[in-house]
Amino acid sequence: MNVLGIESSCDETGVALVQVPPDGGVPRLRAHALHSQIEMHRAYGGVVPELASRDHIRRVLPLARQVFVDAGCSLEDVDVVAYTRGPGLAGALLVGAGVACALAAALGKPTLGIHHLEGHLLSPFLSDDPPEFPFVALLVSGGHTQLMRVQGVGEYELLGETIDDAAGEAFDKSAKLLGLGYPGGPALSRLAEFGNPEAFELPRPLMHSGNLDFSFAGLKTAVMTQLRKLGPDVCEQPKADLAASTQEAIVDVLSAKSMKALKATGLKRLVVAGGVGANRALRTRLNSLCRRVGVRVHYPELHLCSDNGAMIALAGAMRLQSGRAVPAHDYAFDVKPRWPLAEA
């Protein structure tokens, strides 16, 4: 079975083809293609939804053609077309959903709407070291920070989530305060490599709250306060120190809460997924902590940490394998810009 996946929830257009082996094992990635809109949105300091939607329209079919060339097959080899149904930008989601359903209708093949976060959560199954169920998942994408107990495909128990800014937003907003431009998170991490993470005393919100929820809005405010103290003519080294201190605070909270979740559930496997999961400092910290307590930790391949079609095709394939989803043949579709993963 070949599953074509289309991702268009925000500012990346992704198309991929995943194949389910005859023995029913872990699906494998045959080919994927991705276009990022970073350069287009950089001039505006963030994603412009209308521009994002229009660019998805331009990119999705050329990317699909590239995938079929790379995979050495054709549209006729597709058995199911999966697409991101939500959450995300409504206009952007409609592009992917519309193209997916039109392709499927032309081929007489079924479609399957996929939850964007489920794609991230399952993406480590495409790595060289795939996890096994059950596990604790730390989802840290741009607008989401969640801890979940994952018993199997479609069996997700929310353990904790952000009550305001997500970790990715804390990176991006702090970077903007530091004048680092867009996208802020990777820029802040690069600058942090040249700074002292102990130079500034920043808060660790909800670190000792007794629950597994997160809050990063106060951290952004603390960064702004420190910048005001430094004054308008601050030189590069204090900025690097503040970037390093900010990253350290975020990593401290994410790693501490992850270890608490593992202890509370008694599980010995951790999956980290989403764009922030590519952060080197976070990976180093979690690897060290998990090694001490005998916990296996799994990540997506670095090129699959951002939004991509491979994770959508994979989630579709695994949902079909597990019997958690039935593909549709009526080609009517809707999108869900706001969609809790527990309801997927």
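Residues numbered from 1 in each chain as written. Predicted model: local features only at pLDDT ≥ 70, side-chain atom pairs only at ≥ 80, totals over all residues. Heavy atoms only, no water.

Engineer: Even after reading the chapter, I still don't get the pattern of salt bridges, so can you show me in this structure?
Structural biologist: Enumeration over the complete set of coordinates arrives at 14 salt bridges. For arginine 296, the salt bridge goes to aspartate 129, with nearest N and O atoms at 2.8 Å. Of this pair, arginine 296 sits in strand S10 (residues 296-298) while aspartate 129 is found in the loop between helix H4 (116-122) and strand S6 (135-141), placing the two residues 167 residues apart along the sequence. The class of arginine 296 is partly exposed, set by a relative accessible area of 40%. With its nearest N and O atoms 3.1 Å apart, the salt bridge here joins lysine 173 to aspartate 165. Accessibility expressed as a relative area gives 32% for lysine 173, which makes it partly exposed. Relative accessible area serves as the criterion here: at 9%, aspartate 165 is assigned to the buried category. Residues participating in the shared-partner salt-bridge network are Arg204, Glu248, Asp252 and Arg285. (Salt bridge = Lys/Arg side-chain N within 4 Å of Asp/Glu carboxyl O. Helix = DSSP H or I, 4+ residues; strand = E, 2+ residues; numbered from the N terminus. Buried < 20%, exposed > 50% of the residue type's maximum accessible area, 1.4 Å probe, protein only.)

Engineer: Just to check I follow, could you spell out helix H3 (residues 90-107) for this structure?
Structural biologist: Compared with an ideal rise of 1.5 Å per residue, which puts 18 residues at 26 Å, H3 spans 26 Å between its outermost C-alpha atoms and is within 8% of the ideal. By the burial criterion, the buried members of H3 are Ala92, Leu93, Val95, Gly96, Ala97, Val99, Ala100, Cys101, Leu103 and Ala104. Its buried side turned inward, H3 meets strand S1 (2-7), helix H2 (49-71), strand S4 (80-86) and strand S5 (111-115). (Expected span 1.5 Å × (residues − 1). Contact = heavy atoms within 4.5 Å.)

Engineer: Got a minute to help me understand the nonpolar core in this structure?
Structural biologist: The tendency in soluble globular proteins is for nonpolar side chains to be buried as a group. Of all hydrophobic cores here, the largest spans 45 residues; its most connected members are Leu138, Leu202, Phe216, Ile250, Leu254, Leu270 and Val272. Elements that contribute at least two residues to this core include exactly S6, helix H5 (167-177), helix H6 (184-192), helix H7 (217-230), helix H8 (236-265), strand S9 (269-273) and helix H9 (280-292). If one sorts the elements of this core by residue count, H8 sits on top with 13 residues. Discounting chain neighbours no more than four positions away, the residues touching leucine 270 are Val136, Leu138, Ser258, Leu262, Leu286, Cys290, Val295, Arg296, Val297 and His298. Phe135, Val153, Ala315 and Leu341 belong to the second-largest nonpolar core, a separate cluster that totals 34 residues. (Core = buried A, V, L, I, M, F, W, Y, C linked by side-chain atoms within 4.5 Å.)

Engineer: How do you make sense of the sheet that holds strand S2 (residues 12-19) when you look at a structure like this?
Structural biologist: Hydrogen bonds along the backbone pair up the strands of a sheet, which may run parallel or antiparallel. Across the sheet, five strands lie side by side as S3-S2-S1-S4-S5; this open sheet has mixed pairing. Of all strands in the sheet, those bounded by a partner on one side alone are strand S3 (28-36) and S5. Between one strand axis and the next, the sheet turns by 20 degrees as a mean value, whatever way the strands run. Its contacts with the sheet place H3 against S1, S4 and S5, and it is angled at close to 160 degrees to S4. Here helix H10 (residues 309-322) sits on the sheet in contact with S1, S2, S3, S4 and S5, set at roughly 135 degrees to S1. (Pairing = 2+ DSSP bridges. Axes fitted to C-alpha atoms, helices over the stretch in contact; angles between N-to-C directions.)

Engineer: Looking at this structure, how should I read the sheet that holds strand S8 (residues 155-161)?
Structural biologist: Pairing in this open sheet of five strands is mixed, and the strands run S8-S7-S6-S9-S10 from one edge to the other. Every other strand in the sheet has two partners, leaving S8 and S10 as the edge strands with one partner each. For this sheet, the mean inter-axis angle between neighbouring strands, taken without regard to orientation, is 25 degrees. Pairing of S6 with strand S7 (residues 144-152) involves seven bridges; the strand directions are antiparallel. Bridging from a neighbouring strand, phenylalanine 135 pairs with valine 150 of S7. Seen against the sheet, H8 touches S6, S7, S8 and S9 and runs at an angle of roughly 155 degrees to S6.

Engineer: Whenever I open this one, the packing of H5 against H6 confuses me. Can you help?
Structural biologist: Packed helix pairs are characterised by how far apart their axes lie and by the angle those axes make with each other. Viewed as axis vectors pointing N to C, H5 and H6 meet at an angle of 70 degrees, and their least axial separation amounts to 7 Å. Comparing the axis directions of H5 and H6 gives the class roughly perpendicular. From H5, Phe171, Asp172, Ser174 and Ala175 reach across to H6, where they touch Gly184, Gly185, Leu188 and Ser189. Of the residues in the contact of H5 with H6, the class split is three nonpolar, four polar and one charged. (Parallel < 35°, antiparallel > 145°, perpendicular 65-115°, else oblique. Nonpolar A, V, L, I, M, F, W, Y, C, P; charged D, E, K, R; others polar.)

Engineer: Help me understand the pairing of S6, please; the structure alone is not making it clear to me.
Structural biologist: When a strand is regular, its side chains alternate between the sheet's two faces. S6 sits mainly inside the fold: seven of its seven residues count as buried. Of the two faces of S6, the one holding Phe135, Ala137, Leu139 and Ser141 and the one holding Val136, Leu138 and Val140 are both buried throughout. Remark: two residues form the turn of the hairpin made by S6 and S7, two consecutive strands paired antiparallel. With four bridges joining them, S6 and S9 adopt parallel strand pairing. Across the sheet, residue alanine 137 finds its bridge partner in S9, namely valine 271.

Engineer: Which parts of the structure should I look at to understand H10?
Structural biologist: One turn of the α-helix equals 3.6 residues, which is why residues spaced by three or four share an orientation. Taking 1.5 Å of rise per residue, 14 residues should cover 20 Å, and H10 covers 20 Å from first to last C-alpha, within 8% of that figure. Counting buried positions over the 14 residues of H10 gives 12, a clear majority of the element. Residues of H10 that are buried: Gly309, Ala310, Met311, Ile312, Ala313, Leu314, Ala315, Gly316, Ala317, Met318, Arg319 and Leu320. The inward-facing, buried residues of H10 contact S1, S2, S3, S4, S5 and H4. Of the residues that open H10, the one with a side-chain oxygen 3.1 Å from the backbone nitrogen of alanine 310 is asparagine 308. (Polar contact = N/O pair within 3.5 Å; in protein donor to acceptor, adjacent residues only side chain to side chain.)

Engineer: Got a minute to help me understand the pairing of S9 in this structure?
Structural biologist: Counting buried residues in S9 gives five out of five residues, a clear majority hidden from the surface. Residues of S9 alternate between two faces, with Arg269, Val271 and Ala273 on one and Leu270 and Val272 on the opposite face, all of them buried. Of the strand pairs in this sheet, S9 and S10 are connected by three bridges, and their pairing is parallel. By the bridge assignment for S10, leucine 270 is matched with valine 297. Between the parallel pair S9 and S10, the chain is carried across by H9, and the sense of this crossover is right-handed. (Right-handed = clockwise from strand over helix to strand, strands pointing away.)

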